[in-house]
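# Summary of structural features
Residues per chain are reported as follows:
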Amino acid sequence: MVVDEPIRAMVLARASSGEIRRQATRAGMKSLREDGRRLVRDGQTTLGEVLRVTKDERANGVEGGEAATGAGQATPPPAG
């Protein structure tokens, strides 16, 4: 994640992590799970490994991406 001026201002204003995540996503940040999907497509890892080390935060009521930790709360990557 690049800490650009809008992100910096949000941090200094003590914005919530969800708000910061949404802004970073709008600015082009990819989640660990999204990058893991790329690695699966490129044959560098397995879907099982990506799902093991990431979690789907949408299942926990957090919008805008995923974070490391947890397992088993997965949505399969899109086909293609």
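Structure: see above.
As the structure is a computational prediction, the values presented were derived from the model and not from experiment.

### Observations concerning the side chain of Gln23
Mapped onto the fold, Gln23 is located in helix 2 (residues 17–26). A polar contact is formed between the side chain of Gln23 and the side chain of Arg26, at a distance of 2.9 Å. When sequence neighbours within four positions are dropped, the list of residues in contact with Gln23 reads Pro6, Ile7 and Met10.

### Notes on the packing of helix 1 (residues 5–12) against helix 2
Between helix 1 and helix 2, the shortest axis-to-axis distance is 10 Å and the interhelical angle comes to 175°. Compared by their axis directions, helix 1 and helix 2 come out roughly antiparallel. Touching Pro6, Ile7, Met10 and Val11 of helix 1 are Glu19, Ile20, Gln23 and Ala24, all from helix 2. Of the residues in the contact of helix 1 with helix 2, the class split is 6 nonpolar, 1 polar and 1 charged.

About the thresholds
Residues numbered from 1 in each chain as written. Predicted model: local features only at pLDDT ≥ 70, side-chain atom pairs only at ≥ 80, totals over all residues. Heavy atoms only, no water. Helix = DSSP H or I, 4+ residues; strand = E, 2+ residues; numbered from the N terminus. Polar contact = N/O pair within 3.5 Å; in protein donor to acceptor, adjacent residues only side chain to side chain. Contact = heavy atoms within 4.5 Å. Axes fitted to C-alpha atoms, helices over the stretch in contact; angles between N-to-C directions. Parallel < 35°, antiparallel > 145°, perpendicular 65-115°, else oblique. Nonpolar A, V, L, I, M, F, W, Y, C, P; charged D, E, K, R; others polar.

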